[in-house]
Amino acid sequence: MAKTDIYEADRDTTWCPGCGNFPLRKALAEALAGLELKPENAAVITGIGQAAKLPHYFRTNGYNGLHGRALPPAVAAKLSNPELTVIAATGDGDGYGEGGNHLIHTIRRNPDIAHFVHNNQIYGLTKGQASPTTYPGIETEVQPEGVTSEPFNPISFAVGMGASFIARSFVGDRDHLVKMMQAAIRHKGYALLDILQPCVSFNKVNTYQWYSERVYQLEDDYDNTDINAAFKKSREWGDKIPIGIIYQQKKPVFRESFPHLSDSIDVDGPDKAKVKNLIDNFS
Amino acid sequence: MDLNLVLAGEAGQGLKTLEALVGKALFRAGFNIFSNKDYMSRVRGGHNFMSIRFGDRPLQAPRQEIDILVALNDESIEKHQHKVSEDGFILYDGKFDDDRFIDIYASEMAKRINPKAKNSVYAGAVWKLLDLPIAILNDLIGEKFADDDIVYDNHQLLEVGYNAIDDEKYIDYNKSFLDGKDNQEIYINGNQAVGLGAAAAGVKFYSAYPMTPSTGILNFLAQNQKDFGIAVEQAEDEIGAINMALGASYSGVRAMTGSSGGGFSLMVEALGYAGVGEIPLVVAEVQRPGPATGLPTRTGQADLLFAINASQDEFPLIVLAPTDQEDAFYQSFRAFNLADKYQLPVIILSDQFLADSSKNIPEYKLDNLEIKRNFVDSDKVSPKSYRRYHFTEDGISPRAYPGQLADNVVLVDSHEHDENGFVTEDIELRNKMMIKRFKKLDKFIAEDRLEPEYIGPEEPDNLIVCWGSTAGPLKEALEIIQKRDENIGLLIFKDIWPLPVEKLKSLSNLAGKIISIESNFSGQLAKLIQQETTIKVDYKILKYDGRPFAAKELAERYFNEVINHG
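Please read these numbers as outputs of a predicted model, since none were measured by experiment. (Residues numbered from 1 in each chain as written. Chains lettered and ligands numbered in written order. Predicted model: local features only at pLDDT ≥ 70, side-chain atom pairs only at ≥ 80, totals over all residues. Heavy atoms only, no water.)

Would you mind showing me how to read the layout of surface pockets here?
Here the idea is plain: a probe the size of a water molecule rolls over the atoms and shows the empty space left. All names here are of chain B. Of the pockets and cavities examined, the largest pocket occupies roughly 1600 Å³. Lining the largest pocket are 47 residues; nearest its centre among them are Lys16, Glu19, Lys37, Asn189 and Gln192. Per-element tally for the lining of the largest pocket: the top contributor is helix H1 (residues 15-29), with seven residues. Residue composition of the lining of the largest pocket, by class: 17 nonpolar, 20 polar and ten charged. (1 Å grid on protein atoms, 1.4 Å probe; cavity = no way out; pocket = protein on both sides within 12 Å on 5 of 7 lines; lining within 4 Å. Points joined across faces, edges and corners; volume = space filled by probe spheres on them. Helix = DSSP H or I, 4+ residues; strand = E, 2+ residues; numbered from the N terminus. Nonpolar A, V, L, I, M, F, W, Y, C, P; charged D, E, K, R; others polar.)

So this is what it looks like as structure tokens:
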């Protein structure tokens, strides 16, 4: 296996000791090394939040943007430079909350990007408010009587939207996580990978132990091309939480609807003759 | 000569097609043209009109008096009849008790041939009134439709309209100039001019959410994306649109987004990212009156102070305010070079009046236009040494795109950051980064900022200041004003932020008054001038009803509000 130290950013993180982002980062290095992707050929594009700090602590091209806005720049970067491997990394708040509208439309577009959601079911950076995936009843400083809204189910949602790749993994099972990351990156189209990742500081319910006791790998005979099976699996949550590729299908990729774009990045301008022709339409 | 043709009716009656046909035909015939649209925010019904002003001298503005009114419904007569001159004509499908009316039986004739081509009857009738060769219209119809049957029907109905006018009803004017006119001209509207400038500058990514009156830029680039290798995407919202454009620009291509005030409001957080992240970005802000939803299809210049202050904290940005269809192309092209050179957002502050008005202008000259990308020289960067935000003398850091440099990565960040793009809260670094970013504006001011255009005597008594599209009507008004009050000058700001002040300072020591003329409520340019120079504007002529200035109106207000009461 290729060396993973080429992805080391050589700087201290501001993540809490024991944060699920650490094993996630390690898995990402292994995943990219296994795919022989050099740091300059990949870009990690994020919004804001603890998860979104990833480009600072991981050596690839990086774009740490605005809260909730990881997907639009990721879509456009891949469209503009098809040779770049584009990974959007968001938290559950970033990806499912503030950026919810972009999630809908990114699934519709089906760009060839991988989307890793660091899902810890809480807001970490802003110190423990509810996220879209927080359980009802969980009390926070902002929700002192407990969360009342139903949690967002990203897997059901993505299946419902007909996303072309939907998977779940858990940072406590690194081999599985590496495998899922690689499958998501290799997938031609939008690949949603929901990663269960404990927040040791603010989420006292969904801990390493809590997840470890519940997650199980999808059975060998599970058919991930069967959308009805995927719907059923997507509803499974509680005592048993399935991890693995829940649904996968081949669909036209976003860039295919732009056949006029060149195969590599186009940093030059048009021929003046072409511009002159366009001007002539107005004479 | 100076004639005004108004086509009026409700949305859905084919006014736009009729305007495009007749406007272009008058342009081809050799007239100078200024056409503009007055429309309501609805797809069908309502009252819309297009005015096509044409004549033997360059035209810059609409005129209110009408010479030929094409009334497609009764409401058009009610609304415009009183503005039709004594010896003018009203083309109408029916009878009316007024000598100026000509019944051209359009519906009846169209029913026999092709009801969808009814408006060609009007076009033919207009043509005969002006005694112009029908071949020009026939040719244009041929260019417009691919289907031979449709072309045939339209040709027939043109002729019906042409023959509906009897020979005594010609409009008498001097036709001799038509032969002598320079034909190296084009006929284009402001949105198209901005889109064309962007295409010429090599824009490779344009994303927007449709919003009047900026949608024309989106349409134009979408229709030409294949030829120019542009990815045009209709975003899910304005926030998505600008963040997409940022991602495209980060990845290395020239990127742009566009909207009007409300949509631009949604974009401003990301505009700040372009500033602090030093990501080149061109934003077309095509103003309409607001706030909130405002007057969607009307015009105004009330976003100036908002645009220059958009997004929180402070960061360098450049705002350009094109004055007309010619300037809009060059400013749009220039915006991309400035964005790349200085690695910051450049806003093109247009408005509905400019966006939707068409005018004949000299054909754009491409010889002196050069695309300058400003990427780092790949050979000069050693492995693992690249720093996106490296401190330099002039504040401009070496910019690379991801994958450009072997064994180097590009990290951009919306936080305050160090030279590598890594988040920092260090006091010294914060200060150095702020200074670094603002140094870029010093360089822009020294090397690239354009002083306003000045028209008038060396030492004017009175000085009018304006910005953007108000320039056109004012240039015409100035001729009227100068006939009575010779010693007046007009200063037109095209680069509006950072405000160029030298020319203004040199002119400000005048005997008379400084008057700002703007399409907003509070005189935003006047405020800006005072803020940047301490020069006080003495009078403000303001208009905020959503309609453009007419030249005569401006001249009258100047005499009434400044001279007579001054």
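Moving on, there is more to tell.
What is the right way to read the packing of helix H9 (residues 272-280) of chain A against helix H8 (residues 190-200) of chain B from this model?
Angle between the axes and distance between the axes: these two values describe a pair of packed helices. Direction vectors running N to C along H9(A) and H8(B) enclose 165°, while the axes themselves pass 10 Å from each other. In terms of orientation, H9(A) and H8(B) fall into the roughly antiparallel class. Crossing of H9(A) over H8(B) shows right-handed handedness. Two secondary-structure elements touch here, H9(A) through Val275(A), Leu278(A) and Ile279(A) and H8(B) through Leu196(B), Ala199(B) and Ala200(B). Classifying every residue of the contact of H9(A) with H8(B) gives six nonpolar, no polar and no charged. (Axes fitted to C-alpha atoms, helices over the stretch in contact; angles between N-to-C directions. Parallel < 35°, antiparallel > 145°, perpendicular 65-115°, else oblique. Left-handed = near helix turned anticlockwise from the far one by under 90°. Contact = heavy atoms within 4.5 Å.)

Looking at this structure, how should I read the pattern of salt bridges?
Note on pairing: side chains with opposite charge can pair once their charged atoms come close. Within the structure shown, the criterion is met by 48 salt bridges over all chains. Two residues, Arg109(A) and Glu233(B), come together in a salt bridge whose shortest N-O distance is 2.6 Å. One end of the pair, Arg109(A), is in helix H4 (residues 100-109); the other, Glu233(B), is in strand S9 (residues 231-234), on a second chain. An identical accessibility class is assigned to Arg109(A) and Glu233(B); each is buried. The residue Asp495(B) makes a salt bridge to Arg334(B) at a minimum N-O spacing of 2.7 Å. Of this pair, Asp495(B) sits in strand S19 (residues 495-497) while Arg334(B) is found in helix H13 (residues 325-342), placing the two residues 161 residues apart along the sequence. The buried category is assigned to Asp495(B), whose relative accessible area is 1%. Residue classification places Arg334(B) among the buried residues on the basis of a relative accessible area of 16%. (Salt bridge = Lys/Arg side-chain N within 4 Å of Asp/Glu carboxyl O. Buried < 20%, exposed > 50% of the residue type's maximum accessible area, 1.4 Å probe, protein only.)

Would you take a moment to explain the sheet that holds S19(B) for this structure?
Consider a sheet: its strands pair through backbone hydrogen bonds, and that pairing is either parallel or antiparallel. Residues and elements named next belong to chain B. Read across the sheet, seven strands follow the order S9-S8-S10-S11-S13-S12-S19 without closing on themselves; strand pairing throughout is mixed. At either margin of the open sheet sits one strand with a lone partner, and together these are S9 and S19. Taken over all neighbouring pairs, the strand axes of this sheet differ in orientation by 20° on average, direction set aside. In terms of strand pairing, strand S8 (residues 203-208) meets strand S10 (residues 254-259) through five bridges, oriented parallel. Its bridge partner being in S10, tyrosine 206 is matched across the sheet by methionine 256. (Pairing = 2+ DSSP bridges.)

How should the UniProt feature "domain: Pyruvate/ketoisovalerate oxidoreductase catalytic" (unreviewed entry) in chain B be read in this particular structure?
The positions that UniProt labels "domain: Pyruvate/ketoisovalerate oxidoreductase catalytic" (unreviewed entry) are, in the present scheme, residues 11-162 of chain B. From the first C-alpha to the last, residues 11-162 of chain B spans 25 Å; its make-up is 43% helix and 24% strand. (UniProt positions renumbered as here; feature names shortened; annotations may be inferred.)

Please clarify how the pairing of strand S13 (residues 345-351) of chain B should be interpreted in this entry.
Regular strands have side chains that alternate between both faces of the sheet. All names here are of chain B. Burial runs high along S13: seven of the seven residues are buried. Here S13 shows no split at all, with Pro345, Ile347, Leu349 and Asp351 on one side and Val346, Ile348 and Ser350 on the other all buried. As paired elements, strand S11 (residues 281-287) and S13 share seven bridges and run parallel to each other. When the sheet's bridge partners are listed, valine 282 is paired in S13 with valine 346. As defined by bridge partners, strand S12 (residues 318-320) adjoins S13 across three bridges and the pair is classed as parallel. Note on S13: the bridge partner recorded for isoleucine 318 is valine 346. With respect to chirality, the unit in which S12 leads through H13 into the neighbouring parallel S13 is right-handed. (Right-handed = clockwise from strand over helix to strand, strands pointing away.)

In this structure, what is going on with the side chain of Asp324(B)? I would like to understand it.
All names here are of chain B. As for its position among the elements, aspartate 324 is in the loop between S12 and H13. A polar side-chain atom of aspartate 324 sits 3.3 Å from a polar atom in the side chain of lysine 359. Non-local contacts of aspartate 324, meaning those with residues more than four positions away in its chain, are made with Leu354 and Lys359. (Polar contact = N/O pair within 3.5 Å; in protein donor to acceptor, adjacent residues only side chain to side chain.)

For this particular structure, what's the right way to read unusual backbone geometry?
The general pattern is negative phi for most residues beyond glycine and trans for most peptide bonds. Pro213(B) follows Thr212(B) through a cis peptide bond whose omega is 5°. Relative to the assigned elements, Pro213(B) resides in the loop between S8 and helix H9 (215-228). Put simply, Gly290(B) and Pro291(B) share a cis peptide bond, and its omega is -5°. On the secondary structure map, Pro291(B) appears in the loop between S11 and helix H12 (304-309). The residue Glu36(A) is not glycine, and still its phi comes out positive at about 55°. Structurally, the position occupied by Glu36(A) is in the loop between helix H1 (21-34) and strand S1 (42-46).

Sorry, what's going on with the confidence of the model for chain B here?
For any part of a model where pLDDT is low, the fine detail of the predicted coordinates should not be relied upon. When pLDDT is averaged along chain B, the result is 95; 99% of the residues meet or exceed 70. Across the whole predicted complex the pTM is 0.97, and at the interface the ipTM reaches 0.98. (pLDDT = per-residue confidence, 0-100.)

Honestly, the packing of aromatic side chains in this entry has me stumped. Any pointers?
Two aromatic rings are characterised by how far apart their centres lie and by the angle between their planes. All told, the structure shown has 31 aromatic pairs over all chains when counted by the stated rule. Centroid distance Trp15(A) to Tyr57(A): 4.8 Å. Interplanar angle 85°. Geometry classified as edge-to-face. One end of the pair, Trp15(A), is in the segment before H1; the other, Tyr57(A), is in the loop between S1 and strand S2 (61-64), and 42 residues separate them in sequence. Assigned by exposure class, Trp15(A) and Tyr57(A) land together as buried. Ring pairs connect the aromatic residues Tyr135(A), Phe170(A), Tyr208(A), Trp210(A), Tyr211(A) and Trp237(A), which therefore count as one cluster. Above the plane of the ring of Phe49(B) lies Lys83(B), whose end atom (NZ or CZ) is 5.7 Å from the centre. Lying over the aromatic face of Phe391(B), Lys432(B) brings its terminal NZ or CZ to 4.4 Å of the ring centre. (Phe/Tyr/Trp six-rings, centres within 6.5 Å; stacked < 30°, edge-to-face > 60°. Lys NZ or Arg CZ within 6 Å of the ring centre and 35° of its normal.)

Explain the interface of chain B and chain A to me, please; I cannot follow it from the model alone.
Quoted interface sizes are often the accessible area lost when the parts come together. Counting residues at the interface gives 71 residues for chain B, matched by 50 residues for chain A. Taken together, the two surfaces of chain B and chain A that pack against each other cover about 5000 Å², and 63% of this comes from carbon and sulfur. At the junction of chain B and chain A, the tally comes to five salt bridges. The salt bridge partner of Asp407(B) is Arg59(A), with a shortest N-O separation of 3.8 Å. With nine residues, the top contributor of residues to the side of chain B that touches chain A is helix H10 (residues 238-251) of chain B. (Buried area = accessible area lost by both parts, 1.4 Å probe.)

Explanation requested: the sheet that holds strand S16 (residues 453-455) of chain B in the structure shown.
Residue and element names in this part refer to chain B. Pairing within the open sheet is mixed, and its five strands lie in the order S16-S18-S17-S20-S21. Sheet topology places S16 and strand S21 (539-542) at the edges, where each strand pairs with a single neighbour. Mean inter-strand twist for the sheet, computed between neighbouring axes without regard to direction, equals 20°. Relative to strand S18 (residues 488-493), strand S17 (residues 462-467) runs parallel, the two sharing six bridges. Looking at the pairing, leucine 463 lines up with glycine 489 of S18. This element, helix H19 (residues 551-563), spans S17, S18, strand S20 (514-518) and S21 of the sheet and lies at about 145° to S21.

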